[in-house]
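Overview (structure and organization)
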Amino acid sequence: MLEHEAGQHPRIPAAGHHRDVNGGWLRPAVFGAMDGLVSNFALMTGVVGGAVPSSTVVLTGLAGLAAGACSMAAGEYTSVASQRELVQAEIEAERLELSRNPHGELAELAQVYIDRGVEPELAHEVARQLSADPDRTLEVHAREELGVDPNDLPSPWVAAGSSFVCFAVGALLPLLPYLLGATSLVPALLLSAAGLFACGAVVARVTARSWWFSGLRQLLLGGAAAGVTYLLGWLIGGQIG
Ligand SMILES: [Zn+2]
């Protein structure tokens, strides 16, 4: 499987006029679909290389889709949940610190602004005003010291669900012609090639590369993966068949 892009990066506050440098939802969605496409396409070409009946290819593709989508969802859930627990523990520590040592925390917040080049007097005034409301104070500290918005932490269930769906959509592509009655690999090959190119071209939107370069690169990488498994299937299929 390709290395997947987990959604656990710390959030960068939105800055209106900039391109979303994290790629927003598009990036993980396309990478998830590409993962599903490459892994299932390679898996299926592997068994086709072993010269099995198309019913076995369909079964393999379905099992590959289910196994991969569940594995991606479980991985993403664990990744986001553990990141979230870590952040929540840090926020709790900050909350405790704020109640125990409010003056020290006020000075600490002022120091954050001084370090960024604000004059000390003004920095203390900004820190004081931002700390006027106790509920807001924790939010300000979490943002400035941890780089997170405590009211907007990523949900592990959403992350798991979207990983599952994206992988499944990609994995369905090479399987679709077989489900519709195809008996040779050719339609799946063409559809997968188109899917690989399209995914690569869409990724170019967030990498500032040209769409055809990105599309071709993805096509070559996916093709290489499928070529390797086809060869393995052919070699091993010859041995055990
Ligand atoms: Zn603090």
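Now for a quick tour of the structure. Note that residues are indexed from 1 along each chain, following the sequence as it is written. In keeping with the model being predicted, local features are shown solely for residues with a pLDDT of at least 70 and side-chain atom pairs are shown and tallied solely at 80 or more, while totals for entire chains, interfaces and linings include all residues. With hydrogens and water set aside, each side-chain value is computed from the structure's full complement of heavy atoms.

1. Details of the overall build of the protein chain
Selection criterion: Helix numbering and strand numbering both begin at the N terminus, where a helix is a DSSP run of H or I of at least 4 residues and a strand a DSSP run of E of at least 2. Partly exposed describes any residue whose relative accessible area lies between the buried limit of under 20% and the exposed limit of over 50%, with all areas from a 1.4 Å probe on protein chains only and scaled to the type maximum. Residues count as neighbours in contact if any of their non-hydrogen atoms are within 4.5 Å of one another. Areas reported here follow the Shrake-Rupley algorithm with a probe of radius 1.4 Å; residue values treat only the protein chains shown as occluding.
Along its length, the protein chain carries 8 helices and 0 strands. When the 241 residues of the protein chain are sorted by exposure, 35% land in the buried category. In the protein chain, of all internal contacts separated by at least 6 residues, the share reaching a separation of at least 24 is 70%. Entry remark: accessible area of the protein chain is about 13,900 Å², with carbon and sulfur atoms responsible for 65%.

2. Remarks on the nonpolar core
The condition that has to hold: In this description, a nonpolar core means a group of buried Ala, Val, Leu, Ile, Met, Phe, Trp, Tyr and Cys residues linked to one another through side-chain atoms lying within 4.5 Å.
One finds Met44, Val48, Val57, Leu65, Phe167, Tyr178 and Leu185 to be the most contacted residues of the largest nonpolar core, which totals 14 residues. Elements supplying a minimum of two residues to this core: helix H1 (26–49), helix H2 (54–100) and helix H6 (156–179). Leu138, Ala142, Val148 and Leu153 belong to the second largest nonpolar core, which has 7 residues in total.

3. Points about the coordination of the zinc ion
Our working rule: Only nitrogen, oxygen and sulfur atoms qualify as donors, and only when within 2.8 Å of the metal (3.2 Å in the case of Na, K and Ca); with water excluded, sites may look incomplete.
Listed as protein donors to the zinc ion are Glu94 (OE), Glu105 (OE), Glu108 (OE), His141 (ND1) and Glu145 (OE); their distances from the metal cover 1.8 to 2.5 Å. In the primary sequence, the donor residues of the zinc ion line up as E-x10-E-x2-E-x32-H-x3-E. Of this pair, Glu94 sits in helix H2 while His141 sits in helix H5 (residues 134–146); the two residues are 47 residues apart in sequence, bridging distant segments of the chain. Exposure remark for Glu94: the relative accessible area of 10% places this residue in the buried category.

4. Looking at a nonpolar patch on the surface
The condition that has to hold: Nonpolar side chains (Val, Leu, Ile, Met, Phe, Trp, Tyr) are joined into patches within 5 Å and like charges within 9 Å, using only residues with over 30% relative accessible area and no salt bridge. One side-chain nitrogen of Lys or Arg within 4 Å of one carboxyl oxygen of Asp or Glu is enough to make a salt bridge.
Together, Val228, Tyr230, Leu231, Leu232, Trp234, Leu235, Ile236 and Ile240 make up a nonpolar patch on the protein surface, roughly 830 Å² of accessible area in all. In this structure, Ile240 sits in helix H8 (residues 211–240).

5. Considering the pattern of salt bridges
Scanning the entire structure with this criterion turns up 5 salt bridges. The salt bridge involving Glu92 is made with Arg95; its shortest N-O contact spans 3.1 Å. Pair noted here: Glu92 and Arg95 are both in helix H2, with a separation of 3 residues, about one helical turn. Residue Glu92 is classed as partly exposed on the basis of its relative accessible area of 42%. Residue classification places Arg95 among the partly exposed positions, given a relative accessible area of 43%. The closest approach of N and O atoms between Arg128 and Glu125, which form a salt bridge, is 2.8 Å. Residue Arg128 and its partner Glu125 are located together in helix H4 (residues 120–130), separated by 3 residues, close to a single helical turn. Judged by relative accessible area, which is 31%, Glu125 ranks as partly exposed. Overlapping salt bridges bring together Glu139, Arg143 and Asp149 as one network.

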